[in-house]
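If you want the building blocks of each chain, they are given just below.
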Amino acid sequence: KVLSELTWGGVPEGLSRCEVWQLLLGYRPLTRERRADALLKKREEYANLRQNLYDASPALACDGDSSPSNSGVSGADSEASLLKQIRKDLPRT
């Protein structure tokens, strides 16, 4: 509550805006001792989610370079095209 009152008019000089928002949103624990473990846990959760939802997607199973035609594109083809583009863009971010 004190942190939210301090940052109401903007993040004070010397504080990281990114860190303050992570604290305010509950993404990062308030105690410094738990932050490293929490960050490691969040990264593991992200890796597991990515593996389960993205890497294992059937739409990415065919990794050919042929792009689907614009006429008569089904929902599955559209999803495959979108996921293929995301797969290209993800390493760049």
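Everything numeric in this text was worked out from a predicted model, so none of it was measured.

Analysis parameters
Residues numbered from 1 in each chain as written. Predicted model: local features only at pLDDT ≥ 70, side-chain atom pairs only at ≥ 80, totals over all residues. Heavy atoms only, no water. Helix = DSSP H or I, 4+ residues; strand = E, 2+ residues; numbered from the N terminus. Buried < 20%, exposed > 50% of the residue type's maximum accessible area, 1.4 Å probe, protein only. Contact = heavy atoms within 4.5 Å. Areas by Shrake-Rupley, 256 points an atom, 1.4 Å probe, with all protein chains shown as cover. pLDDT = per-residue confidence, 0-100. Expected span 1.5 Å × (residues − 1).

1. Quick look at the overall build of the protein
Piece 1. When helices and strands are tallied, the protein shows 4 helices and 0 strands.
Piece 2. The secondary structure elements of the protein, listed N-terminal to C-terminal, are α-α-α-α.
Piece 3. When each of the 93 residues of the protein is scored for burial, the buried share is 14%.
Piece 4. Put simply, 28% of the contacts in the protein that link residues at least 6 apart link residues at least 24 apart.
Piece 5. When the accessible area of the protein is evaluated, it comes to approximately 7,900 Å², of which 54% is carbon and sulfur surface.

2. Remarks on the confidence of the model for the protein
Piece 1. Of the residues in the protein, 78% have a pLDDT of 70 or more, and the chain-wide mean is 76.
Piece 2. Looking at the elements of the protein, mean pLDDT is at its lowest for helix 1 (residues 2-6), recorded as 73, and at its highest for helix 3 (residues 32-55), recorded as 88.
Piece 3. Note on residues 65-72: pLDDT is under 50 here. Beyond four places in sequence and across chains, it has 4 contacts.

3. Side note on the environment of D55
Piece 1. Mapped onto the fold, D55 is located in helix 3.
Piece 2. Residue D55 is classed as partly exposed on the basis of its relative accessible area of 41%.
Piece 3. A C-alpha to C-alpha distance of 10.0 Å links D55 and L83, two positions 28 residues apart in sequence.

4. Here we look at helix 3
Piece 1. Taking 1.5 Å as the rise per residue, helix 3 with 24 residues should run 34 Å; its terminal C-alpha atoms sit 33 Å apart, in good agreement.
Piece 2. Regarding helix 3, the residues found buried are R35, A38 and Y54.

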